[in-house]
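Analysis of the macromolecular model
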Amino acid sequence: MNAVAGLLGRTEWYRDPLWAVEFRLRPVERGLLRSRPVRRLQFVAHAGAAAVTTHQTYSRLEHSLGLLSLVAHFAPDDTVARVAALVHDLGHLPFSHTFEGVGGLDHHVLGVRRIRELEPLLAEHDIDVEDVLAIDARTPPVLSGRRGALKLDHLDSFIRSGRAHARLTEPPPDTLARLRLVDGEVHTDQATATYLAELAAGEAEYLCAWENVVPNAVVRGLAGILLDDHPRICEATDDEMWALLLEDPRTREDARLLREDPLAWDVFPPGHDAGFPYEVRYLYLDTPCVNGQPVPIRESRALPWRCTVARREP
């Protein structure tokens, strides 16, 4: 009988439903899956507010377990890398990247703080929290690599998003079978690298598409209204954030409209008279390596890409 793809570490075994990687969970990993900071990630959508408009409704915890599965596949004995994979997204705000930077909020800074809060749990298993925080500087690397070269974190993101948006042309386990990890970078044959580079390009296009831009722009704008009165927003989950947005009279109407009728909103050029300004400043364009070098990727939008999201005219 195969392991159940549960999220709780209830048994010693985990089977990732995307990658079909099955492995034995370490005691520290099972402990982390019961900790509040890690458990919270099950209530934070990986795609942020776009969960309102797309099939991309999986959580940050599902992605973190996917990354853990990849580390368990490529570097099964690297305990610190496995722990780092499971906790790498702890700093994410509600709705993930949706209001990153609003009020100076930075998920990297928050992540360091939340990982340090797990120091007693890690110490029980003889793991130094500083080793986990320094994972990107380790030699040989497992989770880091050169700029432009595909890492395991983005590999899971591209495949997971590609499945949600029907961009995959083969089962993920078949793709995984043709990949190698060299110094933290994904290496493969030319055909597979081209396929994965196209998934990265598709993800970049999606980030500037109506389905992603509208919900994230509206929620980002509404969150900015509440931030001064709710300084602990960064610790909220998506459902807790929705409760705040739907309760506050300043945000209630727009929040309800976004949930009930997203097509009431549209994307307009920057400087539109009313609405929520939005910009895309960074795209994830890492690609796999062939013969030691990342393969080219087709052109994406010039950055920063800016727009305004506002209600359609009645």
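All of these numbers come straight from a predicted model, not from anything done at the bench. (Residues numbered from 1 in each chain as written. Predicted model: local features only at pLDDT ≥ 70, side-chain atom pairs only at ≥ 80, totals over all residues. Heavy atoms only, no water.)

**Overview of the pairing of strand 6 (residues 276-280)**
In summary, the side chains of a regular strand alternate between the two faces of the sheet. The side-chain alternation of strand 6 yields one buried face, formed by F276, Y278 and V280, and one unburied face, formed by P277 and E279. Summarising the sheet, strand 6 and strand 9 (residues 305-311) pair through five bridges and their orientation is antiparallel. Bridging across to strand 9, F276 finds its partner in V309. (Buried < 20%, exposed > 50% of the residue type's maximum accessible area, 1.4 Å probe, protein only. Helix = DSSP H or I, 4+ residues; strand = E, 2+ residues; numbered from the N terminus. Pairing = 2+ DSSP bridges.)

**Observations concerning helix 13 (residues 252-260)**
All buried positions along helix 13 are accounted for by D254, A255 and L258. Buried positions in helix 13, seen along its axis, are confined to an arc of 100° and lie on one side of it. Exposed residues on helix 13 whose side chains face more than 90 degrees from its buried face are E253 and E260. The inward-facing, buried residues of helix 13 contact helix 11 (210-226), helix 12 (238-247), strand 5 (265-268), strand 6 and strand 9. (Arc of directions from axis to C-beta. Contact = heavy atoms within 4.5 Å.)

**Some details on the sheet that holds strand 9**
Spatial strand order, 5-9-6: three strands in an open sheet with antiparallel pairing. Every interior strand has two partners, whereas the edge strands, strand 5 and strand 6, have only one. Sheet twist, expressed as the average angle between the axes of neighbouring strands with direction ignored, equals 30°. As defined by bridge partners, strand 5 adjoins strand 9 across four bridges and the pair is classed as antiparallel. Among the inter-strand pairings, F268 is bridged to a residue of strand 9, identified as T308. (Axes fitted to C-alpha atoms, helices over the stretch in contact; angles between N-to-C directions.)

**With respect to the side chain of T308**
Looking at where T308 falls in the secondary structure, it is placed in strand 9. We classify T308 as buried; its relative accessible area is 5%. Here G271 takes part through its backbone nitrogen, which lies 3.5 Å from a polar atom of the side chain of T308. (Polar contact = N/O pair within 3.5 Å; in protein donor to acceptor, adjacent residues only side chain to side chain.)

**Concerning the pattern of salt bridges**
Per the stated rule, a full pass over the model turns up 24 salt bridges. Two residues, E235 and R113, come together in a salt bridge whose shortest N-O distance is 3.9 Å. Of this pair, E235 sits in the loop between helix 11 and helix 12 while R113 sits in helix 5 (residues 107-117), and the two are 122 residues apart along the sequence. For E235, a relative accessible area of 26% puts it in the partly exposed group. Residue R232 pairs with E235 through a salt bridge whose shortest N-O separation is 2.9 Å. Several salt bridges converge on common partners, so that one network encompasses D16, D156 and R160. (Salt bridge = Lys/Arg side-chain N within 4 Å of Asp/Glu carboxyl O.)

**Side note on the packing of aromatic side chains**
In this description, an aromatic ring pair is defined by two values, namely the gap between the centres and the angle between the planes. Summed over the entire model, instances satisfying the criterion amount to four aromatic pairs. Centroid distance F95 to W242: 5.4 Å. Interplanar angle 85°. Geometry classified as edge-to-face. Remark: W242 occurs in helix 12 and F95 occurs in the loop between helix 4 (79-87) and helix 5; sequence separation between them is 147 residues. On the accessibility criterion, F95 (2% relative accessible area) is buried. (Phe/Tyr/Trp six-rings, centres within 6.5 Å; stacked < 30°, edge-to-face > 60°.)

**Digging into helix 3 (residues 60-74)**
Because each turn of an α-helix spans 3.6 residues, side chains separated by three or four positions end up pointing in the same direction. In a regular helix each residue adds 1.5 Å, so 15 residues correspond to 21 Å; helix 3 covers 21 Å between its end C-alpha atoms and thus fits that length. A large share of helix 3 lies buried, amounting to 12 of its 15 residues. Among all positions of helix 3, only R60, L61, H63, S64, L65, G66, L67, L68, S69, L70, V71 and A72 are buried. With a side-chain oxygen lying 3.3 Å from the backbone nitrogen of L61, the N-terminal cap of helix 3 falls on S59. (Expected span 1.5 Å × (residues − 1).)

By themselves these figures say nothing about function.
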